Amino acid sequence: IQKGLDTISSSLTRFTGGIFSALSSIAGGVVWFAGIFVMTFYMTIEEDAMKRFLQSIAPLKYQPYLLQKIHSIQSKLGSWLWGQFILMFLIGGLTFIGLKVLGVKYALVLALIAGFLEFIPYIGPIIAAVPAIFFASSGGMVQVILVLVLYAVIQQLENNIIVPNVMKKAVGINPLLII
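Counting starts from 1 at the beginning of each chain's written sequence and moves along it residue by residue. Only residues with pLDDT of at least 70 get local features here, since the model is predicted, and only at 80 or more are side-chain atom pairs given and counted; chain-wide, interface and lining totals rely on the full set of residues. By convention in this description, side-chain values take in all heavy atoms of the structure and omit both hydrogens and water.

Draft legend 1. Here's a closer look at the overall build of the chain. The secondary structure content of the chain amounts to 7 helices and 0 strands. Per the convention used, a helix needs a DSSP run of H or I reaching at least four residues, while a strand needs a run of E reaching at least two, with both numbered from the N terminus. Order of helices (α) and strands (β) in the chain, N terminus to C terminus: α-α-α-α-α-α-α. The buried share of the chain, taken over its 179 residues, is 27%. By definition, residues are in contact when any of their heavy atoms lie within 4.5 Å. Taking the intrachain contacts of the chain between residues at least 6 apart in sequence as the baseline, contacts between residues at least 24 apart amount to 57%. Split by element, the accessible area of the chain, about 12,000 Å² in all, is 74% carbon and sulfur. A 1.4 Å probe rolled over the protein chains alone gives each residue an accessible area, and that area as a share of the maximum for its type sets the label: buried under 20%, exposed over 50%, partly exposed in between. Residue-level accessible areas treat just the shown protein chains as cover; the underlying method is Shrake-Rupley with a 1.4 Å probe.

Here's what the structure looks like:
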C-alpha cells in the first residue's frame, strides 16, 4: 500500500508540475506577445520620441544613419501591423462564412474571436477553435467534426497561401521565406 501511495504521489507531482510548466509557458508567451504588440504600436505611433532618444545617446556622426534605420524599421513595422489587421479580417471572414454554412450558432461572435486570436501565433487559432467546437456540439458529432475540419482547412490556407501573400504585399518579403 505504501509503495502504491508513493507511486501515486510521485505521479501527481509530475502531472501537476507538467500542468504548471505548460500554463507558465502559455502565460509567458501571451505576455511576450503583448509586449511585442505594445512596442510595435508605440514604435509606429511615437516616431519622434524614438528619434529624439537616439539623437541624445548616439554620436553626432552616426545620427543620420541611425535615424534612417529607425525610419526603415518603423515603416516595416507599420506595414507588418497593417498586414496583421488584414489577416485578422480575412480569417474572421472565412471563419464566419464557414460557420454560417455549417449552421453553427453565434457564427459572427466565433468569427470575431477567430479574427482577433489570429494575432497570436500558433496557439491563437487553437484557442479560437475551442468555443466553436463547444457550440457545434449542440448540433451533434458530425457538426463537431465539420467544424474541426473547417478550422484545420482555414489554418492550412492561412499558413500556406494567405499569410505569405499578404505579408509579401505588406512587408515585401518573399512568400517562400514566410512559409
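Draft legend 2. Summary view of helix α4 (residues 107-117). Listed as buried for α4 are Ala-107, Leu-110, Ala-111, Ala-114, Gly-115 and Leu-117. Elements that come into contact with the buried residues of α4 comprise α3 (63-102), α5 (123-136) and α6 (141-171).

Draft legend 3. Fine view of the packing of α4 against α5. Running from N to C, α4 and α5 point in directions that differ by 170°, and their axes come no closer than 8 Å. As the angle between them shows, α4 and α5 are arranged roughly antiparallel. Along the contact surface, α4 presents Leu-110, Ile-113, Ala-114 and Leu-117, while α5 presents Gly-124, Pro-125, Ile-127, Ala-128, Pro-131, Ala-132 and Phe-135. Looking at the contact of α4 with α5 residue by residue, the class counts come to 10 nonpolar, 1 polar and no charged. Whenever a helix is involved, its axis is fitted only over the stretch in contact; in every case the axis is a line through C-alpha atoms, and angles between N-to-C directions fall within 0 to 180 degrees. Should an angle fall under 35 degrees it is called roughly parallel, over 145 degrees roughly antiparallel, and 65 to 115 degrees roughly perpendicular, with every other angle called oblique. Polarity classes work like this: nonpolar for Ala, Val, Leu, Ile, Met, Phe, Trp, Tyr, Cys and Pro, charged for Asp, Glu, Lys and Arg, and polar for all others, with Gly in that last group.

Draft legend 4. Layout of the nonpolar core. As used in this record, nonpolar core signifies buried Ala, Val, Leu, Ile, Met, Phe, Trp, Tyr and Cys residues forming a set joined through side-chain atoms within 4.5 Å. Counting 27 residues, the largest nonpolar core has Leu-87, Leu-99, Val-104, Leu-110, Val-147 and Tyr-151 as the members making the most contacts within it. Mapped onto this core, the elements with two or more residues apiece are α3, α4, α5 and α6. The element contributing the most residues to this core is α6, with 10 residues. Sequence-distant contacts of Leu-110, defined by excluding residues within four places in its chain, comprise Thr-95, Leu-99, Val-104, Lys-105, Pro-131, Ala-132, Phe-135 and Tyr-151.

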